[in-house]
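# Residue-level structure breakdown
Letter by letter, the chains look like this.
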Amino acid sequence: MGSAEGRPATLSLPGRDGGGDVNAIEITNLTKRYRSRGGPVHAVAGLDLAVPVGGIHGFLGANGAGKTTTIRALVGHLAATSGELRLLGASVPHDLPKVIDRVGALVEQPSFFANFSGRRNLQLLAKSRGFATSRVETALARVGLTDRASSRFATYSLGMKQRLGVAAVLLKDPEVLILDEPANGLDPPGILEMRNLLRRLGDEGRTVLVSSHILSEVQQTCDHVTVIAHGRTIRTGSVQDLLQHGSSKYRIAVPGGEREQHLAASVLTQAGFEVFAGPAGELAVEVTPEQADMVTKALADAAIYLSELAPIERTLEEAFLELTAEAGGAS
Amino acid sequence: MNLLVAELWRCWSRRATKLLLLLATLAIAGVMVWLALRPQYRTERYYEYTSSFEDSDANVVETRIDQRLDLVDDLSAAMAGTGTALMVLGVLLGSTLLGAEFGAGSLSTQLTYEPRRIRMWVTKAAAAALTTAAVCAALLLVMTAGMTVVAATRGITDGIDADFVADRALELGRLATAGALGALFGFAITGIARKTVAAIVVFLVMSFILEPVVTHNFGWAEARTPMDALGTFAFDPFVRDDGTGAWNSLGQAALVACVWIFGLLMISGVQFRRRELR
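Residues numbered from 1 in each chain as written. Chains lettered and ligands numbered in written order. Predicted model: local features only at pLDDT ≥ 70, side-chain atom pairs only at ≥ 80, totals over all residues.

### Thoughts on the overall build of chain A
Secondary structure summary: chain A contains eleven helices and 16 strands in total. C-alpha extents for chain A along the principal axes are approximately 75 × 50 × 45 Å. Considering only contacts within chain A whose residues lie at least 6 apart along the sequence, 69% involve residues at least 24 apart. (Helix = DSSP H or I, 4+ residues; strand = E, 2+ residues; numbered from the N terminus. Contact = placed C-beta atoms within 7 Å.)

Written out as structure tokens, the structure reads:
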């Protein structure tokens, strides 16, 4: 597929002079309401999303949070009830045809003709846009499906179907990739390959929006994440920010051995701090970032000098569960 | 244009298209073999009585009947006989071509390549019609070629002139068009109901139950119903003196069929434009 070389650092927008720093994907106040017997149901309720150009952006949410509805609205598969959607600066759905060749999307389960081979399915898509058929072989090779490309799609495993879906996205050599659960059905080696592929795509300067339930994968792969719950955005930012945000647990290291550790623990307990054993059995204390200097002072007053006081990083799973639990309580 | 080329390629690549073409070709080939192998003449015997009394004498009369294939007469009759079959073939092809898309869910993947839904819809309808017309024309050409070979070797080829060729070409065009209109009808109904079987059921119910009941009870509906119009255009009763019913001309039947099919295509197109795809 294409390389990072020759790609514009900034996006050129349809109907504008020149380029400029702009979000590749912008969603403002998106609402999608369905009618049901029990009254209207909000699948998405005022969601905002901004994905900057370049890098990998995770899109996280529990089942029913509105991820797939948002992605389907973004690629024109359903009409939003209200809100504004922009892809590469083009308004969706009206101006989507102007940028469709620069955007690749895999939405839910990849759907192809069951009796056609994987290769034939991709060739049909390539023909529909006038792409050279050589791109098909490149895309198949990139997802490791060349050997089975002549087999009928109906005979593919779930993981192979998923790979073909990703190949269909790569066929366009897109600037923006929107991938809904791309690791769905993949075995561990397949997940590893997918992770490496996503990283390469990000390194090439492409923008990748990836929704996933595999939070450890997102943590390892994504630069930024947006967490949604009940159809609303509840947190967006870099993965590092998300892991550290609200963190109130600090790891403490004091020179010496076990005796010094016990001494420091009793000093902090007497000073009113909550002391416990950290993930690796180290001494840890729960304070707000603003109270961290008080820990230092209490120990120094007892002639114990810290060699380390560092926040204990949560996993993305912990951060995600905490955020969604807060959102659940708030709603 | 790229989209149409891709759609035509898909239509031709489908097993259903190839299977229907193969079965029809085999059927034509079977008839051609039978025509080539059957005796050129047969004898019919009947009794000629000398008086009207039951016990009168009877003479046995033998008549030699020429069974040889006469290309001028028999090709025209054979083409006329295929009209209704080609229209039904068109309904089947048109409905399966679109029904397979709904069955596979492949429309959502295609929309990530061409988000202009009406353009996609029109292209798919055009591809279904063109494919069916080409299949019908190919079958008629195979039949014509087979009959020509049989007539040239064991039959009669007298009377073939430019007018005959031009008339058959026009007939081929009409029959291919009838197949294409059948395909568009099947396509439109499948687009509304989202299932191939629905189009076939609607086709059968309209042809054999609904339209006969409606036209029987409401005189004004005669010569205005879609299946009757399509059947009349495919069969062309005007040149065969089989009775024209309420229809005045082939053109009238074609016009009524086109108006109905266009209306159904509009409804299915609007539905597709608004529909949420999964």
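### Focus on the overall build of chain B
Helix and strand content of chain B: nine helices and two strands. The order of α-helices and β-strands along chain B, N terminus first, is α-α-β-β-α-α-α-α-α-α-α. Against the 2.2 N^0.38 benchmark of 19 Å for 278 residues, chain B shows a C-alpha radius of gyration of 23 Å, more extended than a compact globule. By principal-axis analysis of the C-alpha atoms, chain B measures approximately 85 × 50 × 35 Å. For chain B, the proportion of contacts with a sequence separation of at least 24, taken over those separated by at least 6, is 80%. (Rg over C-alpha atoms; globule rule 2.2 N^0.38 Å.)

### Structural notes on the interface of chain B and chain A
Chain B puts 23 residues into the contact, and the matching count from chain A is 26 residues. Listed by contribution, the elements that provide at least two residues to the side of chain B that touches chain A are helix 1 (2-13), helix 3 (71-104) and helix 4 (106-111) of chain B. Broken down by element, the residue count for the side of chain B that touches chain A peaks at seven residues, all from helix 1 of chain B. Residues belonging to the side of chain B that touches chain A are distributed by class as follows: ten nonpolar, seven polar and six charged. (Nonpolar A, V, L, I, M, F, W, Y, C, P; charged D, E, K, R; others polar.)

### Examining unusual backbone geometry
Residues and elements named next belong to chain A. In this structure, the amide linkage connecting valine 92 to the following residue, proline 93, adopts the cis form with an omega of 10 degrees. Turning to its location among the elements, proline 93 is positioned in the loop between strand 7 (90-92) and helix 2 (96-99). A positive phi is found at glutamate 181, a non-glycine position, where the angle reads about 50 degrees. Tracing the sequence through the fold places glutamate 181 in the loop between strand 9 (176-180) and helix 6 (188-203). For glutamate 181, a count of 20 C-beta atoms within 10 Å gives the class buried. (Buried ≥ 20, exposed ≤ 12 C-beta atoms within 10 Å, placed from the backbone.)

### Examining the sheet that holds strand 4 (residues 41-52) of chain A
Residues and elements named next belong to chain A. Ordered by their spatial adjacency, four strands build an open sheet running 4-3-6-7, and the pairing between neighbours is antiparallel. On the outer flanks of this sheet lie strand 4 and strand 7, each paired with one strand and no other. Direction aside, the axes of adjacent strands within the sheet are offset by 25 degrees on average. Bridge analysis of strand 3 (residues 23-34) against strand 4 gives nine bridges, and the strand direction is antiparallel. Across the sheet, residue lysine 32 finds its bridge partner in strand 4, namely valine 44. On top of the sheet, helix 1 (residues 67-74) reaches strand 3, strand 4, strand 6 (82-87) and strand 7; it is set at about 115 degrees to strand 3, its chief contact. (Pairing = 2+ DSSP bridges. Axes fitted to C-alpha atoms, helices over the stretch in contact; angles between N-to-C directions.)

### Focus: the sheet that holds strand 9 of chain A
Residues and elements named next belong to chain A. Read from one edge of the open sheet, six strands run 8-9-10-5-11-12, paired in mixed fashion. In this open sheet, the two strands that pair with only one neighbour each are strand 8 (103-106) and strand 12 (232-238). The sheet shows a mean angle of 15 degrees between the axes of neighbouring strands, direction not considered. Both strand 9 and strand 10 (residues 207-211) contribute to a ladder of five bridges, which runs parallel.

### A closer look at the domain arrangement of chain A
Under the domain assignment, chain A is made up of domain 1 (11-243) and domain 2 (248-311). Distance between the C-alpha centres of domain 1 of chain A and domain 2 of chain A: 45 Å. (Domains from an automatic or database assignment.)

### A closer look at helix 8 (residues 226-235) of chain B
All names here are of chain B. Of all ten residues making up helix 8, ten are buried, and the element is well covered by its neighbours. For helix 8, every residue scored as buried is listed here: Pro226, Met227, Asp228, Ala229, Leu230, Gly231, Thr232, Phe233, Ala234 and Phe235. Buried positions along helix 8 lie against helix 3, helix 6 (162-193), helix 7 (196-217) and helix 9 (250-274). In the stretch just after helix 8, aspartate 236 is the one whose phi turns positive, near 55 degrees.

### A short note on the nonpolar core
Among the nonpolar cores identified, the biggest contains 140 residues, and Leu74(A), Leu87(A), Ala167(A), Leu171(A), Ile178(A), Ala128(B) and Leu184(B) are the most heavily contacted of them. For this core, the element with the highest residue contribution is helix 5 (residues 117-154) of chain B, accounting for 15 residues. Tyr250(A), Ala264(A), Val267(A) and Val295(A) belong to the second largest nonpolar core, which has eight residues in total. (Core = buried A, V, L, I, M, F, W, Y, C linked by C-beta atoms within 7 Å.)

### Examining the confidence of the model for chain A
Of all residues in chain A, 90% have pLDDT values of 70 or greater, and the mean over the chain is 84. The low-confidence segment residues 1-20 of chain A, where pLDDT is below 50, has 32 contacts with residues more than four positions distant or belonging to other chains. (pLDDT = per-residue confidence, 0-100.)

### Some remarks on the environment of Ala126(B)
Relative to the helices and strands, Ala126(B) resides in helix 5. For Ala126(B), a count of 17 C-beta atoms within 10 Å corresponds to the partly exposed category.

### Focus on the packing of helix 6 of chain B against helix 9 of chain B
A pair of packed helices is captured by two measures, namely the crossing angle of their axes and the spacing between those axes. All names here are of chain B. Across the interface, helix 6 lies against helix 9 with an axial gap of 8 Å and an inter-helix angle of 30 degrees. Helix 6 and helix 9 meet at a crossing whose hand is left-handed. Contacts between helix 6 and helix 9 involve Leu181, Leu184, Phe185, Ala188, Ile189, Gly191 and Ile192 from the former and Ala257, Ile261, Leu264, Leu265, Ile267, Ser268, Gln271 and Phe272 from the latter. Residue composition of the contact of helix 6 with helix 9, grouped by class: twelve nonpolar, three polar and no charged. (Left-handed = near helix turned anticlockwise from the far one by under 90°.)

### So, the confidence of the model for chain B
Residues of chain B with pLDDT of at least 70 account for 95%, and the chain-wide mean is 87. As scored by the predictor, the complex reaches a pTM of 0.80 and an ipTM of 0.79.

### Section: the pairing of strand 11 (residues 224-229) of chain A
All names here are of chain A. Among the six residues that make up strand 11, six are buried, leaving the element largely enclosed by the rest of the structure. Along strand 11, one buried face is formed by His224, Thr226 and Ile228 and the opposite face, lined by Val225, Val227 and Ala229, is buried too. Sheet topology places strand 5 (residues 55-61) next to strand 11; five bridges connect them, and they run parallel. For phenylalanine 59, the partnering residue across the bridge sits in strand 11 and is threonine 226. As judged from the six bridges shared by strand 11 and strand 12, these two strands associate in the antiparallel manner. Bridging across to strand 12, valine 225 finds its partner in glycine 237.

### What to know about helix 4 (residues 134-142) of chain A
All names here are of chain A. For helix 4, the complete set of buried residues consists of Arg135, Val136, Ala139 and Leu140. An end-on view of helix 4 places all buried positions within 135 degrees of arc, on one side of the element. At the exit of helix 4 stands glycine 144, carrying a positive phi of roughly 70 degrees. (Arc of directions from axis to C-beta.)

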